[in-house]
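Chain by chain, the residues run as shown.
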Amino acid sequence: MMKFALLVGLGLSLGSLPVWAQGATPLPSPAATASPTETPATPSPLASPTLTPEQVTDAQVEQLVRILLELDPLIREASAQLRETQNEEEYEQIMQRTETKASRIVEQQGLTVLQYRELMTLANENPALNQRVRVRLQEVLQESKPATPTPTP
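The structure presented is a predicted model; accordingly, all values stated were derived computationally and were not measured.

Q: Would you mind going over the overall build of the protein with me for this structure?
A: When helices and strands are counted, the protein shows 7 helices and 0 strands. Mapped in sequence order, the helices and strands of the protein form the string α-α-α-α-α-α-α. For the protein, buried positions account for 41% of its 153 residues. Excluding contacts between residues fewer than 6 apart, the proportion of contacts in the protein whose partners are at least 24 apart in sequence is 80%.

This is how it looks when you write it as structure tokens:
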């Protein structure tokens, strides 16, 4: 099972999603978001991805964007709860619950957690793919904004 810190780290950097969507900050890096106490026993499977940035389809970009948008409120809520708790058992429960929900979000969009991680890594490392994700994210955010009525003379 995927480490929770990676999911939380990815989601936490979405805390300012509109800024991120505008390209003001880099896409969240899985390597940079791992907990400092986590040391992988084996090399990351992402070290040699099976997918190249050029092979990422528009459908996969769409899946990634939809996942990021769904993870954002989940991670914001969990982060607030984690900051407030002083109880280690409650902290672990929040982490487990969030990890389960986050994995479900990823899978409901048709990806495995490993595929999601691979796409995020590619998007972080490849400027062209990074831009494709940003553009689509901006489009989705614009589509979801309520239309402002045009004043009539």
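Here the narrative resumes.
Q: Before we go on, may I ask you to explain the environment of Leu137 in this structure?
A: If you trace the backbone, Leu137 turns up in helix α7 (residues 127-144). Residue Leu137 is classed as buried on the basis of its relative accessible area, which comes to 0%. Along the chain, Leu137 and Leu69 lie 68 residues apart, while their C-alpha atoms are 8.4 Å from each other.

Q: Explain the pattern of salt bridges here, please?
A: Side-chain pairing between opposite charges can occur once the charged atoms of the two side chains come close. Within this structure, the stated rule accounts for 6 salt bridges. With a shortest N-O distance of 2.4 Å, Glu62 and Arg136 are connected by a salt bridge. Here Glu62 is found in helix α4 (residues 58-84), whereas its partner Arg136 is found in helix α7, with 74 residues between them in sequence. The buried category is assigned to Arg136, whose relative accessible area is 17%. Linking Glu143 and Arg136 is a salt bridge whose minimum nitrogen-to-oxygen distance equals 3.3 Å.

Q: Just checking my understanding: could you explain helix α6 (residues 113-125) for this structure?
A: One turn of an α-helix holds 3.6 residues; hence residues three or four places apart share an orientation. In this model, α6 (13 residues) spans 18 Å end to end at C-alpha, consistent with the 18 Å of a helix rising 1.5 Å per residue. Among the residues of α6, those classed as buried are Val113, Tyr116, Arg117, Glu118, Leu119, Met120, Thr121, Leu122 and Ala123.

Q: What is the right way to read the packing of α4 against helix α5 (residues 88-108) from this model?
A: Relative placement of two packed helices is described by the angle separating their axes and the distance separating the axes. Axis separation between α4 and α5 bottoms out at 10 Å; the angle between their running directions is 175°. It follows that α4 is roughly antiparallel to α5 by the angle criterion. For the pair α4 and α5, contact is made by Ile67, Glu70, Leu71, Leu74, Ile75, Ala78, Gln81 and Leu82 and by Tyr91, Ile94, Met95, Arg97, Thr98, Lys101, Ala102, Ile105 and Val106, respectively. The class makeup of the residues in the contact of α4 with α5 is 12 nonpolar, 2 polar and 3 charged.

Q: How should I be thinking about the nonpolar core in this particular structure?
A: Grouped burial of nonpolar side chains is what soluble globular proteins tend to show. One finds Val56, Leu64, Ile67, Leu71, Tyr116, Leu129 and Val133 to be the most contacted residues of the largest nonpolar core, which totals 24 residues. At the level of elements, α4, α5, α6 and α7 are the ones that each hand at least two residues to this core. With 8 residues, α4 is the single largest residue contributor to this core. Discounting residues that sit within four places of it in the chain, Leu71 has contacts with Ala102, Ile105 and Tyr116.

Parameters and conventions
Residues numbered from 1 in each chain as written. Predicted model: local features only at pLDDT ≥ 70, side-chain atom pairs only at ≥ 80, totals over all residues. Heavy atoms only, no water. Helix = DSSP H or I, 4+ residues; strand = E, 2+ residues; numbered from the N terminus. Buried < 20%, exposed > 50% of the residue type's maximum accessible area, 1.4 Å probe, protein only. Contact = heavy atoms within 4.5 Å. Salt bridge = Lys/Arg side-chain N within 4 Å of Asp/Glu carboxyl O. Expected span 1.5 Å × (residues − 1). Axes fitted to C-alpha atoms, helices over the stretch in contact; angles between N-to-C directions. Parallel < 35°, antiparallel > 145°, perpendicular 65-115°, else oblique. Nonpolar A, V, L, I, M, F, W, Y, C, P; charged D, E, K, R; others polar. Core = buried A, V, L, I, M, F, W, Y, C linked by side-chain atoms within 4.5 Å.

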